[in-house]
Amino acid sequence: KSRSQKCTVGCPALDRCLGGGVPCDSVTEFVGESGSGKTQLCLQLALSAQLPPSRGGLSASAIFIHTEFPFPLRRLRRLSRSFRASNPSLPCPDPCDRVFLRAVHSAHDLLRAIPAVEAFLLHSRSPWRPVRLLLIDSIAALFRADFDNTAADLRRRSALFFRISAGLRRLARRFGLAVVVTNQVVDFIGDGDVRVGNLETGLFSSGRRVCPALGLAWAHCVNSRVFLSRDEHGPVKTRRMSVVFAPHLPHSSCEYAIKGDGVFG
Ligand code: GTP
(Lines give C-alpha, C1' and ligand atoms only; values in the text may rest on other atoms or scores of the structure.)
Protein backbone atom coordinates (compact mmCIF):
# COMPACT_ATOMS: atom_id res chain seq x y z
CA LYS A 1 0.00 0.00 0.00
CA SER A 2 1.31 3.46 -0.93
CA ARG A 3 2.29 5.84 1.85
CA SER A 4 2.05 8.88 -0.45
CA GLN A 5 -0.49 11.48 0.47
CA LYS A 6 -3.64 11.30 -1.67
CA CYS A 7 -5.91 13.97 -3.08
CA THR A 8 -9.61 13.19 -3.01
CA VAL A 9 -11.46 13.38 -6.32
CA GLY A 10 -14.47 14.59 -4.36
CA CYS A 11 -16.51 11.39 -4.73
CA PRO A 12 -16.28 8.68 -2.02
CA ALA A 13 -16.89 5.72 -4.37
CA LEU A 14 -14.17 6.84 -6.79
CA ASP A 15 -11.83 7.62 -3.89
CA ARG A 16 -12.32 4.08 -2.57
CA CYS A 17 -11.52 2.66 -6.00
CA LEU A 18 -8.35 4.80 -6.09
CA GLY A 19 -7.26 3.88 -2.56
CA GLY A 20 -8.06 7.36 -1.21
CA GLY A 21 -7.63 9.55 -4.28
CA VAL A 22 -4.82 10.44 -6.69
CA PRO A 23 -1.38 9.95 -5.13
CA CYS A 24 1.24 12.66 -4.64
CA ASP A 25 4.84 12.10 -5.87
CA SER A 26 3.41 10.21 -8.83
CA VAL A 27 1.91 10.50 -12.34
CA THR A 28 -1.65 9.17 -12.73
CA GLU A 29 -3.36 8.87 -16.10
CA PHE A 30 -7.11 8.97 -16.70
CA VAL A 31 -7.80 7.45 -20.09
CA GLY A 32 -11.20 7.31 -21.73
CA GLU A 33 -13.27 8.12 -24.74
CA SER A 34 -14.76 11.52 -25.42
CA GLY A 35 -17.45 12.36 -22.88
CA SER A 36 -16.32 9.77 -20.31
CA GLY A 37 -15.64 12.52 -17.77
CA LYS A 38 -11.88 13.14 -17.87
CA THR A 39 -12.22 16.93 -17.89
CA GLN A 40 -14.93 16.82 -15.26
CA LEU A 41 -12.70 14.82 -12.92
CA CYS A 42 -9.78 17.20 -13.51
CA LEU A 43 -11.95 20.24 -12.74
CA GLN A 44 -13.28 18.56 -9.62
CA LEU A 45 -9.77 17.59 -8.49
CA ALA A 46 -8.57 21.17 -8.97
CA LEU A 47 -11.16 22.22 -6.40
CA SER A 48 -10.98 19.30 -3.97
CA ALA A 49 -7.18 19.76 -3.63
CA GLN A 50 -8.11 22.89 -1.63
CA LEU A 51 -9.75 20.83 1.12
CA PRO A 52 -7.69 20.20 4.24
CA PRO A 53 -6.05 16.75 4.64
CA SER A 54 -8.66 15.90 7.29
CA ARG A 55 -11.20 15.98 4.44
CA GLY A 56 -9.03 14.19 1.92
CA GLY A 57 -7.49 17.27 0.24
CA LEU A 58 -4.03 18.79 0.21
CA SER A 59 -4.83 22.35 1.47
CA ALA A 60 -3.28 23.36 -1.82
CA SER A 61 -3.78 24.98 -5.21
CA ALA A 62 -3.62 23.37 -8.64
CA ILE A 63 -1.99 24.17 -11.97
CA PHE A 64 -4.26 23.19 -14.85
CA ILE A 65 -2.48 22.82 -18.20
CA HIS A 66 -5.08 22.68 -20.95
CA THR A 67 -4.52 21.64 -24.55
CA GLU A 68 -8.09 22.03 -25.76
CA PHE A 69 -9.71 25.40 -26.31
CA PRO A 70 -11.38 27.27 -24.84
CA PHE A 71 -10.68 26.25 -21.25
CA PRO A 72 -14.07 25.20 -19.74
CA LEU A 73 -14.25 28.16 -17.38
CA ARG A 74 -18.03 28.11 -17.17
CA ARG A 75 -17.95 24.49 -15.98
CA LEU A 76 -15.27 25.30 -13.41
CA ARG A 77 -17.33 28.24 -12.13
CA ARG A 78 -20.41 26.06 -11.83
CA LEU A 79 -18.53 23.36 -9.90
CA SER A 80 -16.86 26.04 -7.83
CA ARG A 81 -20.19 27.51 -6.72
CA SER A 82 -21.42 24.22 -5.29
CA PHE A 83 -17.95 23.46 -3.89
CA ARG A 84 -17.95 26.82 -2.11
CA ALA A 85 -21.48 26.29 -0.80
CA SER A 86 -20.54 22.91 0.73
CA ASN A 87 -17.21 24.22 2.07
CA PRO A 88 -17.88 27.76 3.35
CA SER A 89 -14.94 27.80 5.77
CA LEU A 90 -12.16 27.44 3.16
CA PRO A 91 -9.72 30.38 3.21
CA CYS A 92 -10.08 31.38 -0.46
CA PRO A 93 -13.29 33.35 -1.14
CA ASP A 94 -13.31 32.24 -4.80
CA PRO A 95 -11.98 28.66 -5.25
CA CYS A 96 -11.33 29.44 -8.95
CA ASP A 97 -8.49 31.75 -7.79
CA ARG A 98 -6.60 28.66 -6.62
CA VAL A 99 -6.62 27.10 -10.10
CA PHE A 100 -3.69 28.46 -12.13
CA LEU A 101 -4.23 27.99 -15.87
CA ARG A 102 -1.68 27.51 -18.60
CA ALA A 103 -2.49 26.88 -22.24
CA VAL A 104 -0.25 24.53 -24.21
CA HIS A 105 -0.48 24.14 -28.00
CA SER A 106 2.00 21.41 -28.90
CA ALA A 107 4.11 18.64 -27.37
CA HIS A 108 7.19 20.89 -27.54
CA ASP A 109 5.19 23.61 -25.84
CA LEU A 110 4.41 21.15 -23.01
CA LEU A 111 8.09 20.32 -22.70
CA ARG A 112 8.82 24.05 -22.35
CA ALA A 113 6.01 24.41 -19.80
CA ILE A 114 7.74 22.00 -17.37
CA PRO A 115 10.62 24.35 -16.38
CA ALA A 116 8.09 27.22 -16.35
CA VAL A 117 5.97 25.28 -13.82
CA GLU A 118 9.11 24.56 -11.81
CA ALA A 119 10.02 28.26 -11.74
CA PHE A 120 6.47 29.10 -10.68
CA LEU A 121 6.57 26.54 -7.86
CA LEU A 122 9.89 27.90 -6.65
CA HIS A 123 9.33 31.63 -7.00
CA SER A 124 5.60 32.42 -7.03
CA ARG A 125 4.54 34.93 -4.42
CA SER A 126 0.87 34.04 -4.77
CA PRO A 127 -0.95 33.98 -1.43
CA TRP A 128 -2.45 30.70 -2.61
CA ARG A 129 0.65 28.57 -2.35
CA PRO A 130 1.44 25.75 -2.05
CA VAL A 131 0.57 24.08 -5.34
CA ARG A 132 0.37 20.31 -4.90
CA LEU A 133 -1.64 19.24 -7.95
CA LEU A 134 -0.67 19.45 -11.64
CA LEU A 135 -3.33 18.56 -14.20
CA ILE A 136 -2.72 18.11 -17.94
CA ASP A 137 -5.90 17.75 -19.99
CA SER A 138 -5.28 16.20 -22.51
CA ILE A 139 -1.88 14.83 -23.50
CA ALA A 140 -3.10 12.92 -26.57
CA ALA A 141 -4.43 16.05 -28.24
CA LEU A 142 -0.85 17.38 -28.42
CA PHE A 143 0.45 14.46 -30.40
CA ARG A 144 -2.43 14.11 -32.83
CA ALA A 145 -1.36 16.80 -35.25
CA ASP A 146 2.43 16.84 -35.21
CA PHE A 147 3.37 13.24 -35.89
CA ASP A 148 2.84 10.69 -38.69
CA ASN A 149 3.04 6.94 -38.38
CA THR A 150 6.47 6.58 -39.98
CA ALA A 151 9.15 4.74 -37.97
CA ALA A 152 11.25 7.91 -37.69
CA ASP A 153 8.28 9.91 -36.43
CA LEU A 154 7.34 7.23 -33.88
CA ARG A 155 10.91 7.28 -32.55
CA ARG A 156 10.84 11.07 -32.37
CA ARG A 157 7.49 10.87 -30.58
CA SER A 158 8.71 8.30 -28.03
CA ALA A 159 11.80 10.40 -27.31
CA LEU A 160 9.52 13.34 -26.58
CA PHE A 161 7.28 11.20 -24.31
CA PHE A 162 10.27 10.21 -22.24
CA ARG A 163 11.48 13.78 -21.86
CA ILE A 164 8.00 14.97 -20.90
CA SER A 165 7.34 12.14 -18.47
CA ALA A 166 10.81 12.41 -16.92
CA GLY A 167 10.09 16.11 -16.36
CA LEU A 168 6.67 15.39 -14.85
CA ARG A 169 8.00 12.71 -12.52
CA ARG A 170 10.83 15.00 -11.41
CA LEU A 171 8.30 17.73 -10.59
CA ALA A 172 6.09 15.21 -8.78
CA ARG A 173 8.95 14.01 -6.57
CA ARG A 174 10.59 17.37 -5.95
CA PHE A 175 7.42 19.23 -4.98
CA GLY A 176 5.28 16.34 -3.68
CA LEU A 177 2.82 16.94 -6.52
CA ALA A 178 -0.01 14.72 -7.58
CA VAL A 179 0.35 14.84 -11.38
CA VAL A 180 -2.71 13.84 -13.40
CA VAL A 181 -2.71 13.53 -17.20
CA THR A 182 -5.66 12.61 -19.36
CA ASN A 183 -5.42 10.51 -22.48
CA GLN A 184 -7.88 9.51 -25.16
CA VAL A 185 -8.64 6.15 -26.72
CA VAL A 186 -8.25 4.88 -30.26
CA ASP A 187 -9.90 1.93 -31.94
CA PHE A 188 -8.18 -1.32 -31.08
CA ILE A 189 -6.73 -2.96 -34.18
CA GLY A 190 -5.65 -6.61 -34.28
CA ASP A 191 -6.62 -9.83 -32.51
CA GLY A 192 -4.70 -9.20 -29.30
CA ASP A 193 -5.77 -10.21 -25.86
CA VAL A 194 -8.48 -7.95 -24.49
CA ARG A 195 -7.93 -7.86 -20.77
CA VAL A 196 -7.81 -5.24 -18.08
CA GLY A 197 -4.29 -5.30 -16.72
CA ASN A 198 -2.50 -5.64 -20.02
CA LEU A 199 -0.54 -2.44 -20.78
CA GLU A 200 -1.79 -2.49 -24.35
CA THR A 201 -5.26 -3.47 -23.30
CA GLY A 202 -8.13 -3.04 -25.63
CA LEU A 203 -11.35 -2.62 -23.70
CA PHE A 204 -14.97 -2.91 -24.63
CA SER A 205 -16.66 0.41 -24.36
CA SER A 206 -19.89 1.44 -26.03
CA GLY A 207 -19.63 -1.69 -28.17
CA ARG A 208 -16.20 -0.67 -29.54
CA ARG A 209 -12.86 -2.25 -28.80
CA VAL A 210 -10.66 0.60 -27.79
CA CYS A 211 -7.23 1.07 -26.26
CA PRO A 212 -5.36 4.07 -24.85
CA ALA A 213 -3.86 6.45 -27.42
CA LEU A 214 -0.07 6.93 -27.67
CA GLY A 215 0.80 3.23 -27.41
CA LEU A 216 3.13 1.27 -25.20
CA ALA A 217 5.91 3.86 -25.07
CA TRP A 218 3.61 6.28 -23.27
CA ALA A 219 2.07 3.55 -21.07
CA HIS A 220 5.53 3.08 -19.50
CA CYS A 221 5.71 6.81 -18.76
CA VAL A 222 2.88 6.92 -16.21
CA ASN A 223 2.87 5.32 -12.77
CA SER A 224 -0.85 4.51 -12.68
CA ARG A 225 -3.46 4.17 -15.41
CA VAL A 226 -7.18 4.50 -14.72
CA PHE A 227 -9.71 3.76 -17.46
CA LEU A 228 -13.01 5.65 -17.72
CA SER A 229 -15.74 4.24 -19.91
CA ARG A 230 -19.37 4.90 -20.60
CA ASP A 231 -22.03 2.60 -21.84
CA GLU A 232 -24.97 4.44 -23.28
CA HIS A 233 -26.33 1.53 -25.29
CA GLY A 234 -27.75 -0.59 -22.52
CA PRO A 235 -31.07 0.03 -20.76
CA VAL A 236 -29.26 2.06 -18.10
CA LYS A 237 -26.59 4.64 -18.96
CA THR A 238 -23.55 3.84 -16.88
CA ARG A 239 -20.04 5.12 -16.46
CA ARG A 240 -17.29 3.00 -14.99
CA MET A 241 -13.86 3.70 -13.57
CA SER A 242 -11.36 0.81 -13.68
CA VAL A 243 -7.83 0.77 -12.29
CA VAL A 244 -5.81 -0.81 -15.11
CA PHE A 245 -2.45 -0.69 -13.32
CA ALA A 246 -1.10 1.09 -10.28
CA PRO A 247 1.83 0.18 -8.06
CA HIS A 248 -0.23 0.70 -4.90
CA LEU A 249 -3.62 -0.72 -5.93
CA PRO A 250 -5.27 -3.97 -6.98
CA HIS A 251 -7.42 -4.00 -10.12
CA SER A 252 -10.76 -2.62 -9.11
CA SER A 253 -13.66 -0.79 -10.65
CA CYS A 254 -16.77 1.15 -9.72
CA GLU A 255 -19.65 2.96 -11.37
CA TYR A 256 -20.18 6.70 -11.35
CA ALA A 257 -22.46 9.39 -12.74
CA ILE A 258 -21.81 12.97 -13.86
CA LYS A 259 -24.10 15.85 -12.98
CA GLY A 260 -23.60 19.55 -13.57
CA ASP A 261 -22.28 20.04 -10.07
CA GLY A 262 -19.94 17.07 -9.91
CA VAL A 263 -19.09 13.39 -10.28
CA PHE A 264 -20.99 10.99 -8.06
CA GLY A 265 -20.49 7.32 -7.16
P1 GTP B 1 -13.26 14.78 -24.18
O2 GTP B 1 -12.64 16.07 -23.66
O3 GTP B 1 -14.13 14.99 -25.37
O4 GTP B 1 -12.25 13.69 -24.36
O5 GTP B 1 -14.29 14.27 -23.05
P6 GTP B 1 -14.06 14.06 -21.50
O7 GTP B 1 -13.78 12.63 -21.19
O8 GTP B 1 -13.11 15.09 -20.98
O9 GTP B 1 -15.52 14.32 -20.95
P10 GTP B 1 -16.04 15.52 -20.07
O11 GTP B 1 -15.42 15.61 -18.74
O12 GTP B 1 -16.05 16.72 -20.92
O13 GTP B 1 -17.46 14.95 -19.71
C14 GTP B 1 -18.52 15.19 -20.44
C15 GTP B 1 -19.71 14.88 -19.60
O16 GTP B 1 -19.78 15.83 -18.52
C17 GTP B 1 -20.87 15.09 -20.47
O18 GTP B 1 -21.27 13.85 -21.00
C19 GTP B 1 -21.88 15.68 -19.52
O20 GTP B 1 -22.65 14.63 -18.99
C21 GTP B 1 -21.09 16.25 -18.35
N22 GTP B 1 -21.15 17.72 -18.29
C23 GTP B 1 -21.66 18.40 -17.25
N24 GTP B 1 -21.61 19.73 -17.49
C25 GTP B 1 -21.07 19.89 -18.70
C26 GTP B 1 -20.75 21.03 -19.51
O27 GTP B 1 -20.96 22.17 -19.13
N28 GTP B 1 -20.17 20.79 -20.72
C29 GTP B 1 -19.88 19.52 -21.15
N30 GTP B 1 -19.28 19.34 -22.35
N31 GTP B 1 -20.19 18.43 -20.43
C32 GTP B 1 -20.78 18.61 -19.21
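Residues numbered from 1 in each chain as written. Predicted model: local features only at pLDDT ≥ 70, side-chain atom pairs only at ≥ 80, totals over all residues. Heavy atoms only, no water.

**Q** How do you make sense of the pattern of salt bridges when you look at a structure like this?
**A** Any two side chains of opposite charge can pair, so long as their charged atoms come close to each other. The full count for this structure, using the stated rule, is seven salt bridges. Here Asp94 ties to Arg77 by a salt bridge, and the two come within 4.0 Å at their closest N and O atoms. Separated by 17 residues along the polypeptide, Asp94 in the loop between α3 (73-86) and β5 (99-103) and Arg77 in helix α3 bring together distant segments of the chain. Relative accessible area serves as the criterion here: at 27%, Asp94 is assigned to the partly exposed category. Salt-bridge contacts for Glu118 lead to Arg174; the nearest nitrogen and oxygen are separated by 2.7 Å. Taken together, the positions of Glu118 in helix α4 (residues 107-123) and Arg174 in helix α6 (residues 151-175) put the pair 56 residues apart, joining distant regions of the chain. Among the ionic contacts, a cluster of salt bridges with common partners joins Glu118, Arg170 and Arg174. (Salt bridge = Lys/Arg side-chain N within 4 Å of Asp/Glu carboxyl O. Helix = DSSP H or I, 4+ residues; strand = E, 2+ residues; numbered from the N terminus. Buried < 20%, exposed > 50% of the residue type's maximum accessible area, 1.4 Å probe, protein only.)

**Q** When you look at the site of the ligand in this model, what are you seeing that I'm missing?
**A** Among the 14 residues in the neighbourhood of the ligand, the closest are listed as Ser34, Gly35, Lys38, Thr39 and Gln40. At 2.8 Å from an oxygen atom of the ligand is found a side-chain nitrogen or oxygen belonging to Lys38. Residue Gln40 places a main-chain N or O atom 2.8 Å away from an oxygen atom belonging to the ligand. When isolated, the ligand has an accessible area of 640 Å², and the protein chains bury 68% of it. Elements with a contribution of two residues or more to the shell around the ligand: α2 (38-48) and α3. The dominant element in the shell around the ligand, judged by the number of residues it contributes, is α2, at three residues. Taken together, the residues that form the shell around the ligand break down as one nonpolar, seven polar and six charged. (Near = heavy atom within 4 Å. Polar contact = N/O pair within 3.5 Å; in protein donor to acceptor, adjacent residues only side chain to side chain. Areas by Shrake-Rupley, 256 points an atom, 1.4 Å probe, with all protein chains shown as cover. Nonpolar A, V, L, I, M, F, W, Y, C, P; charged D, E, K, R; others polar.)

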